[in-house]
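Here is what each chain is made of, one letter per residue.
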Amino acid sequence: MSLGHACVDVYQGAAAALVPYFVAERAYSYAAASGVVLAASLLSSLVQPLFGVLTDRWAMPWLLPLSALTAGTGVALSGLTGSYALTLAVVGVSGAGIAAYHPEAARVARAVARGRHTAMGWFSFGGNAGFALAPLLVFAVVSPGGLSASPLLAAPAVAGAALCAAAVRTAGSGAGNAGPSAAVGRDDWGSFLRLSGAVVCRSVVFVGLSAFVSLYVRERTGGGAAAGTAALFVLYAGGAVGTLAGGRLAERYGRPAVVRRSYALTVLAVTGLVLVPGPAVYLFVALTSAGLYVPFSLHITLGQDFLPRRVGTASGVTLGLTVSVGGLAAPALGALADATSLRVALLPLVALPALGRLLLCRLREPVPPAPEIAEWADPRDPAAR
């Protein structure tokens, strides 16, 4: 499941990694280039919660390989389309494939992980590793061959489809039959909405940096395409490590405390990224990555535990609407950069993790449901008690 997740989430990172090449080859403005990121995020944001609701009703393991192929096809075609509208359309198709994948994949992974935070951390690690590999893959394919070489970017989709099919087959009946959540307990919508609000803040920061950190670092360091690719790789690769650390830290300190401290770190790290000149910017990119990604898998498990009767819906929101909604803000950041500078456009990103930290102030660990005693059980029986 982790390897399949990596192959799918390559395409979440690929859309942002392609932005500098659209600017260079097609003379897109910052706003137009960020529109590509919006196209990938918008459709995904709208349909992923719907797939979450469907996952709550029916198990759909067959959707995993199909969605992997759909995600890859859209990105592979993005370099071949002649018009801006067609580019947006095919990238949107890729976003729909990614949206279809995540709720069902999170359901299957949760069943296999059996509630262990570290195991879910490994599942999330796969997706973040895919993010990290995306700029390297795009650089290796598009730098020498140009956008016309984009069909080669479909290779991870083929591998991902095979891995997903194998994972579902190996998981057996647990993946195929565990449809609607059978968890007992009461849904805590208040806590879930506060958590979702914080993740929206994280999303805007992450997507904004994904779209522009490559171009920004090239400006700040005077480097070329390799310098920008390295910055994007650091942003994504640090996240892969941070996700694993998040699971282990949560087992020691508790999920809410780890999430709150991560948002506080992000405030300081983004400030340094925007204001500190020269090569030191890479250090702050790495710290920003840690702050954004340490709580990543914890968002998923907290959301699922806040809505124990709607695990698919919770997964669809935490992995979909609130993760990709940051793409809606990307064109605004691009327009601000066109009117002023990239540095000015990135400054508002400092305030958002601070807002997220405020939303999380009173967030507490979900209370596990009390065990239910069957009506026919004898209360004097120690087993029943």
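Our subject is the structure that appears above.
Residues numbered from 1 in each chain as written. Predicted model: local features only at pLDDT ≥ 70, side-chain atom pairs only at ≥ 80, totals over all residues. Heavy atoms only, no water.

(A) Looking closely at empty space enclosed by the protein. Applying the stated criterion to the full structure yields four cavities of 30 Å³ or more. Quantified by volume, the second largest cavity comes out at close to 80 Å³. Every element with two or more residues in the lining of the second largest cavity is listed here: helix H2 (19-26), helix H6 (117-145), helix H9 (189-221) and helix H10 (225-253). Its residues placed into classes, the lining of the second largest cavity shows eight nonpolar, two polar and one charged. (1 Å grid on protein atoms, 1.4 Å probe; cavity = no way out; pocket = protein on both sides within 12 Å on 5 of 7 lines; lining within 4 Å. Points joined across faces, edges and corners; volume = space filled by probe spheres on them. Helix = DSSP H or I, 4+ residues; strand = E, 2+ residues; numbered from the N terminus. Nonpolar A, V, L, I, M, F, W, Y, C, P; charged D, E, K, R; others polar.)

(B) Layout of helix H12 (residues 281-293). The first and last C-alpha atoms of H12 sit 18 Å apart over 13 residues, in line with the 18 Å expected at 1.5 Å per residue. Here H12 has its buried residues at Val281, Val285, Thr288, Ser289, Gly291, Leu292 and Tyr293. (Expected span 1.5 Å × (residues − 1). Buried < 20%, exposed > 50% of the residue type's maximum accessible area, 1.4 Å probe, protein only.)

(C) Up close: a nonpolar patch on the surface. On the surface, Leu42, Leu46 and Leu328 cluster together into a nonpolar patch covering about 280 Å² of accessible area. By the secondary structure assignment, Leu328 is in the loop between helix H14 (311-324) and helix H15 (330-339). What makes Leu328 partly exposed here is its relative accessible area of 42%. (Patch = residues over 30% accessible without salt bridge, like charges linked within 9 Å, V, L, I, M, F, W, Y side chains within 5 Å. Areas by Shrake-Rupley, 256 points an atom, 1.4 Å probe, with all protein chains shown as cover. Salt bridge = Lys/Arg side-chain N within 4 Å of Asp/Glu carboxyl O.)

(D) Highlighting the environment of Ala85. When you line up the elements, Ala85 lands in helix H5 (residues 84-113). A relative accessible area of 55% means that Ala85 is categorised as exposed. Distance in space between the C-alpha atoms of Ala85 and Ala39 is 10.0 Å, their sequence separation being 46 residues.

(E) Spatial organisation of the nonpolar core. Among the nonpolar cores identified, the biggest contains 77 residues, and Val138, Phe206, Phe212, Leu235, Tyr236 and Leu349 are the most heavily contacted of them. The residues touching Phe206, leaving out its near neighbours within four places in the chain, are Phe131, Leu235, Tyr236, Leu292 and Tyr293. In this structure, Leu195, Ala198, Leu298 and Leu360 belong to the second largest nonpolar core, which totals 17 residues. (Core = buried A, V, L, I, M, F, W, Y, C linked by side-chain atoms within 4.5 Å. Contact = heavy atoms within 4.5 Å.)

(F) View of the pattern of salt bridges. Taken as a whole and judged by the stated rule, the model has four salt bridges. Asp187 is the partner of Arg310 in a salt bridge, and the nearest nitrogen-oxygen pair spans 2.2 Å. Of the two residues, Arg310 sits in the loop between helix H13 (296-306) and H14 while Asp187 sits in the loop between helix H8 (173-177) and H9, which places them 123 residues apart along the sequence. Overall, the relative accessible area of 36% leaves Arg310 in the partly exposed class.

(G) View of the packing of H9 against H13. Packing of H9 against H13 leaves a shortest axis separation of 9 Å and a crossing angle of 155 degrees. Classified by the interaxial angle, the pair formed by H9 and H13 is roughly antiparallel. Note that H9 runs across H13; the crossing there is left-handed. Where H9 abuts H13, its residues Ser191, Phe192, Leu195, Val199 and Arg202 lie against Phe296, His299, Leu302, Gly303 and Phe306. (Axes fitted to C-alpha atoms, helices over the stretch in contact; angles between N-to-C directions. Parallel < 35°, antiparallel > 145°, perpendicular 65-115°, else oblique. Left-handed = near helix turned anticlockwise from the far one by under 90°.)

(H) A look at the packing of H9 against H12. Running from N to C, H9 and H12 point in directions that differ by 170 degrees, and their axes come no closer than 12 Å. When the axis of H9 is compared with that of H12, the two are roughly antiparallel. Contacts between H9 and H12 pair Arg202, Val205, Phe206, Leu209, Val213, Val217 and Thr221 from the former with Val281, Tyr282, Val285, Thr288, Leu292 and Tyr293 from the latter.

(I) Spatial organisation of the state of the cysteines. Per the counting criterion, the structure on display carries zero disulfides. Between Cys7, a free cysteine, and Cys164, which holds the nearest cysteine sulfur, the sulfur-to-sulfur gap is 7.6 Å. (Disulfide = S-S within 2.5 Å.)

(J) Spotlight on the environment of Gly4. Within the fold, Gly4 resides in helix H1 (residues 2-17). Judged by relative accessible area, which is 3%, Gly4 ranks as buried. Along the primary structure Gly4 and Pro156 are separated by 152 residues, whereas in three dimensions their C-alpha atoms are 9.1 Å apart. In this view, Gly4 contacts Tyr101, Leu163 and Cys164; residues no more than four positions away in its chain are not counted.

(K) The arrangement of H5 in detail. A rise of 1.5 Å per residue sets the reference length of H5, with its 30 residues, at 44 Å; its end C-alpha atoms lie 42 Å apart and thus fit the reference within 8%. Arg114, located one to two residues past H5, shows a positive phi value of around 55 degrees.

(L) Region of the structure containing the packing of aromatic side chains. Under the defined criterion, the tally for this structure stands at ten aromatic pairs. Relative to Phe206, the ring of Phe131 has its centre 5.4 Å away and its plane inclined at 85 degrees; by these criteria the two rings are edge-to-face. Of this pair, Phe131 sits in helix H6 while Phe206 is found in helix H9, placing the two residues 75 residues apart along the sequence. Residue Phe131 is classed as buried on the basis of its relative accessible area of 8%. Relative accessible area serves as the criterion here: at 6%, Phe206 is assigned to the buried category. Measuring from ring centre to ring centre gives 5.9 Å for Trp189 and Phe192, while their planes differ by 90 degrees; the resulting arrangement is edge-to-face. Within this pair, Trp189 and its partner Phe192 are both found in helix H9, separated by three residues, close to a single helical turn. The exposure class assigned to Trp189 is partly exposed, which follows from its relative accessible area of 39%. In this structure Phe192 comes out as buried when scored by relative accessible area, which is 2%. Grouped by ring-pair contacts, the aromatic residues Phe131, Phe206, Tyr236, Tyr293 and Phe296 constitute a single cluster. Stacked on the ring of Tyr293, the Lys or Arg Arg202 has its end atom at 5.0 Å from the ring centre. It is Arg261 that lies over the ring of Tyr253; its NZ or CZ is 5.9 Å from the centre. (Phe/Tyr/Trp six-rings, centres within 6.5 Å; stacked < 30°, edge-to-face > 60°. Lys NZ or Arg CZ within 6 Å of the ring centre and 35° of its normal.)

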